[in-house]
Amino acid sequence: MDVPAPGVVKYSKELRQWRTTINQAAARACGPGWEAANCPLVMSAVFTLPRPTSAPKNRPIHAAVKPDTDKLIRALQDALAPRDSKDFRVYTEDSRIVGYVEGPYKTYPAPLGTHPWALDQPGVIFAIEPAPPVDHRQDTP
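Residues numbered from 1 in each chain as written. Predicted model: local features only at pLDDT ≥ 70, side-chain atom pairs only at ≥ 80, totals over all residues. Heavy atoms only, no water.

Colleague: Kindly report on the sheet that holds strand E4 (residues 97-107), identifying the contributing residues and their values.
Modeller: On the basis of which strands lie adjacent, the open sheet formed by 3 strands has the order E4-E3-E5 and mixed pairing. Pairing within the sheet leaves two strands with one partner each, and these edge strands are E4 and strand E5 (123-130). Each neighbouring strand pair of the sheet contributes to a mean axis angle of 10°, computed without reference to strand direction. Sheet topology note: the strand E3 (residues 41-48)/E5 ladder contains 8 bridges and is antiparallel. Bridged to Met-43 within E5 is Ile-128. In the packing of helix H2 (residues 69-80) onto the sheet, contacts are made with E3, E4 and E5, and the angle to E3 comes to roughly 120°. (Pairing = 2+ DSSP bridges. Helix = DSSP H or I, 4+ residues; strand = E, 2+ residues; numbered from the N terminus. Axes fitted to C-alpha atoms, helices over the stretch in contact; angles between N-to-C directions. Contact = heavy atoms within 4.5 Å.)

In structure tokens:
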């Protein structure tokens, strides 16, 4: 993303393509009869980033590089509930995500990835499920 002026955000072609790819993969995984979830949800997400050529070749290291984890998760959530109503939606809107079970986490590809969900190439693994019920405890004075 680029911010050329206050209040103006320009999305790169790569970001748009990545979100489209995620949206299409989710549509295939959910199937044609899918109804967008409209309840509190929890998400898990692990992003496998390209390993830099400067990284050691024989030991795992953390993916402490750009893009920021919050930017990755925002792009993923936007891809799963796009603004355009014609596109596939996993859930009605990204505000339905109330927490995370796993991640968001960044790693490099397996076998030297730092997370067990590391893919063998760049990409993302995610899961979405209904949030667990709220424990209705009342504190007594």
